[in-house]
Amino acid sequence: SKSYTSSLIFEKLRKKYPKIMTRLYSYYTTGKDRATPWNKVMFDKTMPLFNYPDFIRSLQTNRFVFEPCSYHTYGRTSVDCAALGIPMVGSNRVMSMRYCFPNMSCETYDAKAILSIMDKILSDKEWLDEQMKYAYKQCEYFNYENAEKRYNLMVEETRITCKK
């Protein structure tokens, strides 16, 4: 099962990267903690229910962020990390992850790929600098003005389609 597989991945990660790891999230309430087996294995502590400014301050304390999202989503954290200059390893199921960090995204349960990317982040400064410059440039796609243009274009295209 996926839970069993992900637990094995995180056990390997904990052996290789034994420092304290904290699970941060700003999108859930305390009573709705989605603690899965991999969360229990991977993280020493959980810090739920952040407001957005506190969430950003918490992100800034990380050397890199690992977010193994197993579902398809937009992925706000990828954009936040790119804008803050924080490397992120994550799922290729997350749209913003693929857009900002294409060389740091992989299948959610691919332990070899995850470990390989983490090793590269920690050992190859030149490669990492190149990835972070690219990620920062990609943030423009997500800024307010560009998002508003895309939204207005979508509304206009929908209006034209509905008139037909």
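Shown above is the structure to which this text applies.
### Some thoughts on the sheet that holds strand β3 (residues 65-67)
Strand order in the open sheet formed by 3 strands is β3-β4-β5, with parallel pairing between adjacent strands. Edge positions in the sheet fall to β3 and β5 (105-106), since each has one partner strand and no second. Two elements, strand β4 (residues 88-91) and β5, share 2 bridges in a ladder whose sense is parallel. If you follow G90 over to β5, its bridge partner there is S105.

### Things to note about the state of the cysteines
In the structure shown here, the tally under the stated rule is 0 disulfides. C81 takes part in no disulfide bond, and the closest cysteine sulfur, belonging to C100, lies 9.5 Å away.

### Some words on the packing of aromatic side chains
Counted under the stated rule, the structure contains 3 aromatic pairs. Measuring from ring centre to ring centre gives 4.5 Å for Y99 and Y141, while their planes differ by 35 degrees; the resulting arrangement is tilted. Of this pair, Y99 sits in helix α5 (residues 95-100) while Y141 sits in the loop between α7 (125-138) and α8 (144-163), placing them 42 residues apart in sequence. For Y141, a relative accessible area of 28% gives the class partly exposed. Taking 5.0 Å as the distance between ring centres and 85 degrees as the angle between the ring planes, the aromatic pair formed by Y141 and F142 counts as edge-to-face. Note on F142: relative accessible area 13%, which makes it buried. Ring pairing ties together the aromatic residues Y99, Y141 and F142, which thus form one cluster. When the ring centre of Y141 is taken as origin, the NZ or CZ atom of R150, which lies over that ring, is 3.8 Å away.

Thresholds applied
- Residues numbered from 1 in each chain as written.
- Predicted model: local features only at pLDDT ≥ 70, side-chain atom pairs only at ≥ 80, totals over all residues.
- Heavy atoms only, no water.
- Pairing = 2+ DSSP bridges.
- Helix = DSSP H or I, 4+ residues; strand = E, 2+ residues; numbered from the N terminus.
- Disulfide = S-S within 2.5 Å.
- Phe/Tyr/Trp six-rings, centres within 6.5 Å; stacked < 30°, edge-to-face > 60°.
- Buried < 20%, exposed > 50% of the residue type's maximum accessible area, 1.4 Å probe, protein only.
- Lys NZ or Arg CZ within 6 Å of the ring centre and 35° of its normal.

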